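Understanding the architecture of this molecule
One letter stands for each residue in the lines below.
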Amino acid sequence: MMIGVIAFLFLLFLILSIKSCIGSSKSSHPKTPKDSETEIADEFIEEDLTSESGSAASVADFDPVTLTLTVVGDCTLGTDETFDYDTSVNAYFENYGAAYFMQNVKSIFSQDDLTIANFEGTLTDSENRADKQFAFKAPKECAKIVSEGSIEAVNTANNHSHDYGDSSFTDTLQALDAEGIIHFGYDETQVVDVKGIQIGLVGIYELNDHLDVADHLKRNIAAVKQNGAQLIVVIFHWGNELDEEPDSNQTTLGRMAIDEGADLVCGHHAHVVQGIETYKGKNIVYGLGNFCFGGNTNPSDSDSMIYQQTFTVTPEGVQADNVTNIIPVRISSEYGTNNYQPTPATDDEAIRILQKIDSRSANISGATATVSAMQNSTSITAEMLAANAANTSSDEDYDSSDYSYDDYDSDYDYDSDYDY
């Protein structure tokens, strides 16, 4: 009996030893490169599947987003040393404060999703004035005019950005930064998140190099695409002062910007409104006109506009619904002088400005489609149109002196002899 038990235990010990050796031999067998690559590949496949399923889920969860963008023209928030200081932007800032300037349009800007303006001039204490006819500067505190006015972003690529040298440009950017204002222009592009949509901002200065800025334009649009922009806005400082229609450089570059991926193109510099073209379903606003304009206490043309467009962005991209709203504006709340307080136009004046934009749109060379300001403005009601038809004379008999500043002074002669 005892011998049988001992034999059984010895047999059990042998079986367990053999299994242990076999297991040890398997576990110590080295992985081949193929084994390793297969495991690594399997890990990547799992990660890719997780990533793709997550991406697919995020696309599925990406409901359409609507964004309203507002763009306005030249904001010259400063003065030239030769101007009468008592009637300058700088004096108005000292007397009335930052909120004064945009108080008649702030309610419009505050209801949109992004407001963009052209910031023209410098915010600096520098005395290193450029050798040019007019050079604009204001204290750095005047950046509060922008922030108080509910303007979130500004283009700085224009012919007054370096009026007091390179240091004045740096000072301006720092002053804007202190107020939380997004700035872009020249080689600086921005991609900003608005309601979860990435908006690319590009600012191009055309006046010196004209069509030679094409490569710069393409690089900057490519840069914001690379940085994730889903909707791209290109701002140009371009054209010829007081020209009512865009020149061939403007039309070529504006259309090129859209060919390269821009969803909206807007421009300024002419100091007058120009027309609006629709090219491949995208809008080119050639001339926004002056806006909060410290360059003249009594300019010859006070007409301006607030351009708004509401975009719908889906996982497939920006939709081609082209929802626009053009608000006619005069650059002053008073007639006969410029008090630097842009104000929406009303009644017959509003109709006249919108008709002017439409007339200039019709004259854009090579345009196959344009935007009707009259038909795309919340400022106009059926009652206003009826009253205008009943009570006003025809366009041919219209006296523009009723609404524009014909007593033109010499504060700002719209010279084009600038390096910047």
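Now for a quick tour of the structure. (Residues numbered from 1 in each chain as written. Predicted model: local features only at pLDDT ≥ 70, side-chain atom pairs only at ≥ 80, totals over all residues. Heavy atoms only, no water.)

1. Topic: the packing of aromatic side chains
Test applied: Geometry of aromatic contacts follows a simple scheme: Phe, Tyr and Trp rings, the Trp one being its six-membered ring, pair when their centres are within 6.5 Å, and the pair is stacked under 30 degrees between planes, edge-to-face over 60, tilted otherwise. Going along the chain from the N terminus, every DSSP run of H or I of four or more residues is numbered as a helix, and every run of E of two or more is numbered as a strand. Relative accessibility thresholds used throughout: buried, under 20% of the residue-type maximum; exposed, over 50%; partly exposed, between the two (1.4 Å probe, protein chains only). Charge over a ring is defined by NZ of Lys or CZ of Arg lying within 6 Å of the ring centre and within 35 degrees of the ring normal.
Tallying each qualifying case throughout the model produces 12 aromatic pairs. Relative to Tyr286, the ring of Trp238 has its centre 5.7 Å away and its plane inclined at 25 degrees; by these criteria the two rings are stacked. With a gap of 48 residues between them, Trp238 in the loop between β9 (231–237) and α8 (248–259) and Tyr286 in the loop between β12 (282–285) and β13 (290–293) connect regions that are remote in the sequence. Considered together, Trp238 and Tyr286 belong to a single accessibility category, that of buried residues. Within the aromatic cluster, the residues linked to one another by ring pairs are Tyr92, Tyr96, Tyr100, Phe101 and Tyr340. If you follow Lys137 out to its NZ or CZ, it ends over the ring of Tyr164, 4.8 Å from the centre.

2. Section: the pattern of salt bridges
To keep things clear, this is the line we draw: Only one rule defines a salt bridge in this text: a Lys or Arg side-chain nitrogen within 4 Å of an Asp or Glu carboxyl oxygen.
In total, this model carries 14 salt bridges according to the counting rule given. Asp80 is the salt-bridge partner of Arg129, the closest N and O atoms lying 2.5 Å from each other. Of this pair, Arg129 sits in the loop between β3 (122–123) and β4 (137–138) while Asp80 sits in the loop between β1 (65–76) and α3 (89–96); the two residues are 49 residues apart in sequence, bridging distant segments of the chain. According to the relative accessible area criterion, Arg129 is partly exposed, its value standing at 22%.

3. Observations concerning the environment of Ile182
Note the threshold: Throughout, a contact is declared for two residues whenever any of their heavy atoms are within 4.5 Å.
Position of Ile182 relative to the elements: it lies in strand β6 (residues 182–184). With a relative accessible area of 23%, Ile182 lands in the partly exposed category. Taking the C-alpha atoms as reference points, Ile182 and Val192, separated by 10 residues in sequence, lie 8.6 Å from one another. Those residues in contact with Ile182 that lie beyond four places of it in its chain are Glu152, Ala153, Val154, Gln190, Val192 and Leu201.

4. Concerning the environment of Gly261
With respect to the helices, strands and loops of the structure, Gly261 is situated in the loop between α8 and β10 (264–268). By relative accessible area, Gly261 is classed as partly exposed at 23%. Dropping the residues within four chain positions of it, Gly261 is found in contact with Lys225 and Ile232.

Scope: geometric values only; no functional claims are made or implied.
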